[in-house]
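One letter stands for each residue in the lines below.
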Amino acid sequence: MNREEEIVGILVKKFPFLQDRISVKKEKRIFTGALSRDEFEKIVRYVHDDMNLFRAHHVVGTDEGENIGLLYILSGDDNILLALREVVPKANPAVKSISDMYASIVLHERELADLFGAVFEGLPEGPSYPLPDGWPKGNYPLRKEWNPKYFNKETMTYEPPKEGEEKE
Amino acid sequence: MIDLDLIQKAIDWGTKKSPWIIHFNAGACNGCDIETVDSLTPRFDLERLGVIKQGSPRHADILVCTGAVTLQTRERLIQIYEQMAEPKFVIAIGTCACTGGIFDGCYCVTGGIDSVVPVDVYIPGCAARPEAIIRAVSKLLDTLDTPEQKEKKAGKAKKREKIEDAVKAQDMNISEEEKEARNGQEDSGDES
């Protein structure tokens, strides 16, 4: 048995709900399916404390219509990347920050908070990054429904046309 | 009495013989920055023509800009441009600096360098070749003697005088009538 399947086996044994939702896509790459907030918190706490995956590389944000997807990429000493995919609804995009375990993830999470509007609980306070100061609140430029052509860069205001006027 | 024309001639001569540049990255991918540095270092060696890279905008004659202007760098670019002494010139290096390039229309990009400060020379290319940069600098230096450039300089000087007058008038905080009266006195004083 190689190391990837060993990791999958440990995780499935510990968390039975992962049974059909975790797979080895190719050498050294393990992916999970969509996880809810509670499931993600349990798994990430376990892999950090007990499996010695001490490195967080990146968080990838995706707009999935109703939901926002966050793909956390973690690794340890054996250079196997474990990608945990957390999905939260756009209406209430509150997730728990993992910056208390992985200090290097702060900038990545701050970026997602600015560009996708995810709310990270436990993220230390700081300036907005990477959007400039004076950016209007509630505008998340990487969401699909946000259109840059309605954004006035001089006055920093976003004015989409009202419904009905949009069709030309 | 200082001969201002002579000093201006000396400044023009110095600018033409040894233009000092300041390099500013307004949001480039670093491709054009590498080519800019490449054109200064021994392989292409703009320094043999007297071009020196300066750390401070106050000592520089030419502002060399790369990259599309983002909302974060817009005010910094204006500040640096304002700090430079006259006569000042701006070179936009690379496609992004000329028009915004592939970043044009992005949520955080205002466009090319000329959307913020006036540009004298455009160098397209992704990334711009060092040969193109050298040719642009030499072309810019050739235009210093043309009548157009002289007119531009004269126009700038007039504009500056106007601004100085306005500032003076504000400082003295006097009404128009008093000002006229004072001018009349001065005139009469000259006549006598």
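This one's a predicted model, so the numbers in the text were calculated from it and none came from an experiment.

Turning to the overall build of chain A, a few remarks are in order. Secondary structure assignment for chain A yields three helices and nine strands. N-terminal to C-terminal, the α/β element order of chain A is α-β-β-α-β-β-β-β-α-β-β-β. The principal-axis extents of the C-alpha atoms in chain A amount to approximately 60 × 35 × 25 Å. Every one of the 168 residues in chain A was classed for burial, and the buried ones make up 20%. Considering only residue pairs separated by 6 or more positions, chain A has 45% of its internal contacts joining residues 24 or more positions apart.

Time to look at the interface of chain B and chain A. Counting from both sides, the interface comprises seven residues of chain B and, opposite them, six residues of chain A. Per-class residue counts for the side of chain B that touches chain A are four nonpolar, three polar and no charged.

Turning to the sheet that holds strand 5 (residues 89-93) of chain B, a few remarks are in order. Residues and elements named next belong to chain B. The strand order 2-1-3-5-7 describes an open sheet built from five strands, whose pairing is parallel. Among the strands making up the open sheet, the edge pair consists of strand 2 (52-53) and strand 7 (121-123). Across the sheet, helix 2 (residues 31-40) touches strand 1 (20-25), strand 2, strand 3 (62-66) and strand 5, and the angle it forms with strand 3 is around 140°. Most of the contacts of helix 5 (residues 130-142) go to strand 7, to which it runs at about 170°, and overall it touches strand 5 and strand 7.

With 13 residues, helix 5 of chain B should cover 18 Å at 1.5 Å per step; its first-to-last C-alpha distance of 18 Å lies within 8% of that length. On its buried face, helix 5 of chain B is in contact with helix 2, strand 5 and strand 7 of chain B.

Here we come to the sheet that holds strand 5 (residues 81-89) of chain A. All names here are of chain A. Pairing is mixed in the open sheet, where five strands are placed in the order 1-2-5-4-3. Both edges of this open sheet fall to strand 1 (22-26) and strand 3 (55-64), since each of them pairs with a single strand only. Strand-to-strand, the axes of this sheet are offset by a mean angle of 20°, without reference to chain direction. Sheet topology note: the strand 2 (residues 29-35)/strand 5 ladder contains five bridges and is parallel. Each residue of the ladder has a partner; that of A34, found in strand 5, is R85. Where helix 1 (residues 3-14) meets the sheet, it contacts strand 1 and strand 2, and its direction lies at approximately 170° from that of strand 1. Helix-sheet contacts for helix 2 (residues 37-49) involve strand 2, strand 4 (67-75) and strand 5, and the interaxial angle to strand 5 is about 155°.

In this model, Y129 of chain A is joined to P130 of chain A through a cis peptide bond whose omega is 0°. Along the chain, P130 of chain A falls in the loop between strand 7 (119-121) and strand 8 (151-152). Cis geometry marks the peptide bond from C126 of chain B to A127 of chain B, where omega comes out at -10°. In this structure, A127 of chain B sits in the loop between strand 7 and helix 5. Phi at N79 of chain A takes a positive value of approximately 60°, unusual for a residue other than glycine.

A few words now on the nonpolar core. In terms of nonpolar packing, the biggest core is built from 38 residues, with L63, V64, C65, I91, A92 and I93 of chain B touching the most fellow members. Sorting the residues of this core by element identifies strand 1, helix 2, strand 3, helix 3 (71-83), strand 5, helix 4 (95-99) and helix 5 of chain B as the ones contributing at least two each. Those residues within four positions of C65 of chain B in sequence are excluded, and the remaining contacts are F24, A26, V90, I91, A92, I93, A97 and I113 of chain B. Core analysis: the next-biggest nonpolar cluster, separate from the first, contains 25 residues, I22, L35, I68 and I98 of chain A among them.

Reading the values: the criteria
Residues numbered from 1 in each chain as written. Chains lettered and ligands numbered in written order. Predicted model: local features only at pLDDT ≥ 70, side-chain atom pairs only at ≥ 80, totals over all residues. Helix = DSSP H or I, 4+ residues; strand = E, 2+ residues; numbered from the N terminus. Buried ≥ 20, exposed ≤ 12 C-beta atoms within 10 Å, placed from the backbone. Contact = placed C-beta atoms within 7 Å. Nonpolar A, V, L, I, M, F, W, Y, C, P; charged D, E, K, R; others polar. Pairing = 2+ DSSP bridges. Axes fitted to C-alpha atoms, helices over the stretch in contact; angles between N-to-C directions. Expected span 1.5 Å × (residues − 1). Core = buried A, V, L, I, M, F, W, Y, C linked by C-beta atoms within 7 Å.

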